Amino acid sequence: MDDCIFCKIANGDIPSATIYEDRNVRVILDIAPAAKGHAIMIPKTHMADIFDADAETISKISAAIPMVASAIKKELGCDGINILQNNGAAAGQTVNHLHIHFIPRYNNDNVKIGWEQGSYADGEAAELAKKIASRV
Ligand code: 5GP
Ligand code: ZN
């Protein structure tokens, strides 16, 4: 994708603060971090989002997740890390090239990631699970 900034960053056409690179991904520090050390893993091939991805590519890019998470935790001494991935504007995606966030977390920090807990009526969860399962 010629006009995709993450294609350019992942392939080294635009310099970035890189913390890890292999043949499938580049992991860089996010330019507007939720916390210092917030990193994004960017695949070197263009996929808009998870709906545009295939299992083999996801498997290859995911291989480095534990190593990257551990490196961030070791260096920052954070208490936890959120690993998350947004798909679609409704889900907070602002760059339409699939990427995975690593957000360092500290006990009692002010980073906001969350939702209010909802609920199901009797039998509703089982029914919905069955419907979704039929589409897997
Ligand atoms: P999204 O909201 O799509 O899940 O996340 C996009 C992330 O990419 C944001 O956290 C944003 O700060 C980061 N970002 C956008 N453009 C650039 C850039 O040019 N360089 C870097 N390092 N991060 C970027
Ligand atoms: Zn791209």
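These figures come from a predicted structure and were not determined experimentally.

S.K.: Any chance you could break down the site of ligand 1 for me, citing the residues and the numbers?
M.R.: Taken together, 16 residues lie around ligand 1, and D30, G92, T94, H99 and H101 are the ones closest in. Looking at the shell around ligand 1, the elements that each hand over two or more residues are α1 (5-10) and β2 (25-29). Partitioned by chemical class, the residues of the shell around ligand 1 number 9 nonpolar, 6 polar and 1 charged.

S.K.: Describe helix α3 (residues 65-76), listing the residues and the values that go with them.
M.R.: For α3, spanning 12 residues, the distance from its first C-alpha to its last is 17 Å, which sits close to the expected 16 Å at 1.5 Å a residue. Among all positions of α3, only I65, V68, A69 and I72 are buried. For α3, the arc enclosing every buried residue in end-on projection is 100°, short of the 170-degree limit, so these residues lie on one face. Among the exposed residues of α3, those pointing more than 90 degrees away from its buried face are P66, K74 and E75. Where α3 is buried, its residues contact β1 (18-21), β2, β3 (39-43), α2 (55-62), β4 (80-84) and β5 (100-105). Remark: G77 follows α3 within two positions and exhibits a positive phi of approximately 65°.

S.K.: Tell me about the pattern of salt bridges, residues and numbers included.
M.R.: If you walk through the whole model with that rule in mind, you get 5 salt bridges. Between E56 and K60 there is a salt bridge, with its nearest N and O atoms 3.4 Å apart. Of this pair, E56 and K60 both sit in helix α2, 4 residues apart, which is roughly one turn of that helix. What makes E56 exposed here is its relative accessible area of 53%. Residue E127 pairs with K131 through a salt bridge whose shortest N-O separation is 3.7 Å.

S.K.: Could you give me a rundown of the sheet that holds β5, with the residues and numbers involved?
M.R.: Pairing is antiparallel across the open sheet formed by 5 strands, whose spatial order is β1-β2-β3-β5-β4. Edge positions in the sheet fall to β1 and β4, since each has one partner strand and no second. Averaged over all adjacent pairs, the angle separating strand axes in this sheet is 20°, with direction ignored. Note that β2 and β3 share 5 bridges and pair antiparallel. Paired with R26 across the bridge in β3 is I42. In this fold α3 packs onto β1, β2, β3, β4 and β5, with an angle of close to 25° to the strand it touches most, β5.

About the cut-offs
- Residues numbered from 1 in each chain as written.
- Chains lettered and ligands numbered in written order.
- Predicted model: local features only at pLDDT ≥ 70, side-chain atom pairs only at ≥ 80, totals over all residues.
- Heavy atoms only, no water.
- Near = heavy atom within 4 Å.
- Helix = DSSP H or I, 4+ residues; strand = E, 2+ residues; numbered from the N terminus.
- Nonpolar A, V, L, I, M, F, W, Y, C, P; charged D, E, K, R; others polar.
- Expected span 1.5 Å × (residues − 1).
- Buried < 20%, exposed > 50% of the residue type's maximum accessible area, 1.4 Å probe, protein only.
- Arc of directions from axis to C-beta.
- Contact = heavy atoms within 4.5 Å.
- Salt bridge = Lys/Arg side-chain N within 4 Å of Asp/Glu carboxyl O.
- Pairing = 2+ DSSP bridges.
- Axes fitted to C-alpha atoms, helices over the stretch in contact; angles between N-to-C directions.

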